[in-house]
Amino acid sequence: MNNTFNANRFCLLLKRQWLEYRKVYLSSVAILFGSLFMLYAFSILINNQFRFGQMEQGYLTYFSRLNFRNMILMMTLLIFLSFFAGQHFNRYSKTATAIQELTLPVSALEKIMVAVLTAVLLGIVTYVIVCLTVDALFVSILRKFYDNGLMRELRMVKDGNEGFRYIGQQMRYKECTVFAVMGFTLSSVFLLGSIYFKKLSYLKTAFAAVLLFMFITIIPGTITGLWYQDQVSVTDYAHQPTIPTAVFTVLTVLMILSIWAATYYRLKEKEV
Amino acid sequence: MITIQKASYAYRANQTVLEDVNLRFQSGHIYGLLGENGAGKTTLLKSLAGLVFPKSGTIDVLGYQPHRRRPDFLADTFMIPEDVELPDLLIERYVALYACFYPKFDLELFFWLLETFEVPRAARMEQLSFGQRKKVLIAFGLATKTRLILMDEPTNGLDIPSKSQFRKVMASELTEERCFIISTHQVRDLDQLIDQLVILAKQRVLLAASIAEISQSLAFKVIPRAVPEVLYMEETIQGIHAILPNKQQEDTKMDMELFFKGILLAKDQLISLLHTNQTINDEQYI
């Protein structure tokens, strides 16, 4: 018997994971769908001052922009992916269930592969599909209004926009990259946290993540600001050198792989 | 089957749970692991299952180092913890999901054991009481046919008829290749079940001997009044329950609870009479 990786054991573990956690998964998807739906509806109806009675008067200035989407997507991404990945190893938090998990005849490599597949990749794919679905639903409805002439005034006030665009059409490569990096990093960090911390793992991971974020962004920024507070910036932002895409991709992939490796070793060395 | 050499465990730097433990367990036996609260029974079981790692010393189980948790080692070992929390599934679904990880799993035996324990096979785990869930896990563990079964307080939560059933099925499932190690502080539950005894006290092995050896050296009697030869005694309504030297080689039934109390309170007198392979202060193996 191969003690490092066995395809049969891996498939059995994957099957067990799905059958045991499908309720949690389907509930999470339903909650995500519902939350996005409500946030879209709320933002369109309230934030953009959508009023049927005022259509003829051309008050729908922001209606065609749907400019709330990035904020909503970022917010739901943070909550959904952190929760989804953060509960993956929750059976390791109680002694009784942790004993069953740790004595299950599978290798640590098989466990971490199932974890990455179900908690990280499945979470991200699910998130993308649900977002695109909710977005498509709302954009289709808005386009129908548009096509039926109910929003003809909109053409005059849309500031050069092309009407209602799907999020997939609107997002630029840079925005997609930011979302992808955030999604993978967040899922991986919370996956590590769920095995690293025994109790209150979600809260502790969130706290650690916030501290880390502060450490790598706010603190250096503040120190730099204090250092240069009496000096005038002469930086030419237009020609400022940026990190090449390839280097950025490699660094990101390395960081995510390192988090997965840390999760693997933590799982391997886990004691109860 | 199992060899532990100079093993020590500590959860924190100055909180030693087990110290300098030397033990050897053989197949074909049911071992009773006794000790007061905090003596290190659960830690010893966990160490055999690879759930805690020794601070020092070596431990060999079925030819493997348990802490490495290799799948083929885990497929031949099963641990039943004191607290049982099973996923909220139908029993049949649970078995379908988990049995496939154990190559020797005997499905017929599992359902027969459930029937013996009077647990409805079509039930959901959530609908079962704590005792019933424990019985499901005991049935599952025995049906895995693993060579080593470790049980931590298995009779906790079981009613009196179930305790009796438990003893019967345990005895019936023991084979020459298998070894059962049962940790408990409910000493009477192991009466007529175990054939080997390991007693832990103050983080060390106080005694490791077979029931036959103990019975050969000591006699357990109810006597009307105290006599000078008594090694340890307890007064009850029926008379004085006493442990005496077995000079006449009488065949008396060992009173496990009395012996356990006696070994803790009158260690030196009792151990000096156990003249065979018993372990004192971990110097020998059983």
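Some points on the overall build of chain A
Thought 1: When its secondary structure is counted, chain A shows 9 helices and 0 strands.
Thought 2: Ordered by position from the N terminus, the helices and strands of chain A form the series α-α-α-α-α-α-α-α-α.
Thought 3: Taking as baseline every contact in chain A between residues at least 6 positions apart, the subset at least 24 positions apart corresponds to 85%.

Remarks on the overall build of chain B
Thought 1: For chain B, the helix and strand inventory stands at 9 helices and 12 strands.
Thought 2: For chain B, whose C-alpha radius of gyration is 20 Å, the value lies close to the compact-globule estimate of 19 Å for 286 residues.
Thought 3: Principal-axis analysis of the C-alpha atoms gives chain B an extent of 60 × 45 × 35 Å.
Thought 4: Out of the 286 residues in chain B, the part that is buried amounts to 43%.
Thought 5: When contacts within chain B are restricted to residue pairs at least 6 apart in sequence, long-range pairs at least 24 apart make up 69% of them.

Overview of the interface of chain B and chain A
Thought 1: The partner chain A presents 20 residues to the 21 residues of chain B that form the contact.
Thought 2: Put simply, the parts of the chain that give the side of chain B that touches chain A at least two residues each are α2 (71-74) and β5 (77-80) of chain B.
Thought 3: Sort the elements by how many residues they give to the side of chain B that touches chain A and α2 of chain B lands first, with 3 residues.
Thought 4: Taken together, the residues that form the side of chain B that touches chain A break down as 15 nonpolar, 1 polar and 5 charged.

A look at the pairing of strand β3 (residues 29-35) of chain B
All names here are of chain B.
Thought 1: With respect to burial, β3 is a largely interior element, 6 of its 7 residues being buried.
Thought 2: The pairing of β3 with strand β7 (residues 179-184) spans 6 bridges and is classified as parallel. Across the sheet, G32 pairs through a bridge with I182, a residue of β7.
Thought 3: Across 5 bridges, the pairing between β3 and strand β8 (residues 196-201) is parallel. Bridged to G32 within β8 is L197.

Brief notes about the domain arrangement of chain B
Many analyses report the size of an interface as the accessible area lost when the parts associate.
Residues and elements named next belong to chain B.
Thought 1: Taken domain by domain, chain B comprises domain 1 (2-202) and domain 2 (213-276).
Thought 2: Each of domain 1 and domain 2 has a C-alpha centre, and these two points are 30 Å apart.
Thought 3: If you look at the interface, domain 1 gives 8 residues, while domain 2 gives 6 residues.
Thought 4: By residue number, the principal contributor to the side of domain 1 that touches domain 2 is β8, which donates 3 residues.
Thought 5: Taken together, the residues of the side of domain 1 that touches domain 2 break down into 6 nonpolar, no polar and 2 charged.

Description of the environment of L207 of chain B
Thought 1: Its location among the elements puts L207 of chain B in strand β9 (residues 204-210).
Thought 2: Separated by 56 residues in the primary sequence, L207 of chain B and M151 of chain B place their C-alpha atoms 20 Å from one another.

Quick notes on the environment of N156 of chain B
Thought 1: Relative to the assigned elements, N156 of chain B resides in the loop between β6 (148-152) and α6 (160-173).
Thought 2: Overall, the presence of 16 C-beta atoms within 10 Å leaves N156 of chain B in the partly exposed class.

As for the sheet that holds strand β11 (residues 232-236) of chain B
Residue and element names in this part refer to chain B.
Thought 1: What the 3 strands build is an open sheet, ordered β10-β12-β11; its pairing is antiparallel. Here the strands that pair on one side only, and so sit at the sheet edges, are β10 (218-223) and β11. For this sheet the average axis-to-axis angle between neighbouring strands, irrespective of direction, equals 15°.
Thought 2: Examined bridge by bridge, β11 and strand β12 (residues 239-245) share 5 bridges and lie antiparallel to one another.

Observations regarding the sheet that holds strand β1 (residues 2-12) of chain B
Strand pairing in a sheet takes place through backbone hydrogen bonds and is either antiparallel or parallel in direction.
Residue and element names in this part refer to chain B.
Thought 1: One open sheet accounts for 3 strands, arranged β2-β1-β4; its pairing is antiparallel. For this open sheet the edge positions go to β2 (15-25) and β4 (56-61), each flanked by a neighbour on one side alone. Sheet twist, expressed as the average angle between the axes of neighbouring strands with direction ignored, equals 30°.
Thought 2: Looking at chain direction, β1 and β2 are connected through 7 bridges and run antiparallel.

Observations regarding the confidence of the model for chain A
In regions of low pLDDT, the predicted coordinates are not meant to be interpreted in detail.
Thought 1: Here chain A averages 83 in pLDDT, and 81% of its residues register 70 or above.
Thought 2: Contacts of residues 151-161 of chain A to residues separated by more than four positions or lying in other chains number 20 contacts, the stretch itself having pLDDT below 50.

Regarding helix α2 (residues 69-86) of chain A
Thought 1: Helix length check: α2 of chain A (18 residues) gives 25 Å between terminal C-alpha atoms against 26 Å at 1.5 Å per residue, within 8%.
Thought 2: Where α2 of chain A is concerned, the buried positions are R69, L73, L77, F80, L81, S82, F84, A85 and G86 of chain A.

Some thoughts on the packing of helix α5 (residues 130-143) of chain B against α6 of chain B
Residues and elements named next belong to chain B.
Thought 1: At a minimum axis distance of 12 Å, the contact between α5 and α6 shows a crossing angle of 5°. Judged by the angle between their axes, α5 and α6 are roughly parallel. Contact residues: α5 offers G131, K135, I138 and L142, while α6 offers S162, F166, V169 and E173.
Thought 2: Of the residues belonging to the contact of α5 with α6, the class tally is 4 nonpolar, 2 polar and 2 charged.

What about the packing of helix α7 (residues 173-196) of chain A against helix α9 (residues 245-268) of chain A?
Residues and elements named next belong to chain A.
Thought 1: Between α7 and α9, whose axes approach to 9 Å, the crossing angle comes to 15°. Between α7 and α9, the angle is such that the two are roughly parallel. Handedness of the crossing formed by α7 with α9: left-handed. Here V181, F184, T185, S188, V189, L191, L192, I195 and Y196 of α7 lie close against α9, whose contacting residues are T252, M255, I256, I259, W260, A262, T263, R266 and L267.
Thought 2: The residue inventory of the contact of α7 with α9, partitioned by class, reads 13 nonpolar, 4 polar and 1 charged.

Conventions we followed
Residues numbered from 1 in each chain as written. Chains lettered and ligands numbered in written order. Predicted model: local features only at pLDDT ≥ 70, side-chain atom pairs only at ≥ 80, totals over all residues. Helix = DSSP H or I, 4+ residues; strand = E, 2+ residues; numbered from the N terminus. Contact = placed C-beta atoms within 7 Å. Rg over C-alpha atoms; globule rule 2.2 N^0.38 Å. Buried ≥ 20, exposed ≤ 12 C-beta atoms within 10 Å, placed from the backbone. Nonpolar A, V, L, I, M, F, W, Y, C, P; charged D, E, K, R; others polar. Pairing = 2+ DSSP bridges. Domains from an automatic or database assignment. Axes fitted to C-alpha atoms, helices over the stretch in contact; angles between N-to-C directions. pLDDT = per-residue confidence, 0-100. Expected span 1.5 Å × (residues − 1). Parallel < 35°, antiparallel > 145°, perpendicular 65-115°, else oblique. Left-handed = near helix turned anticlockwise from the far one by under 90°.

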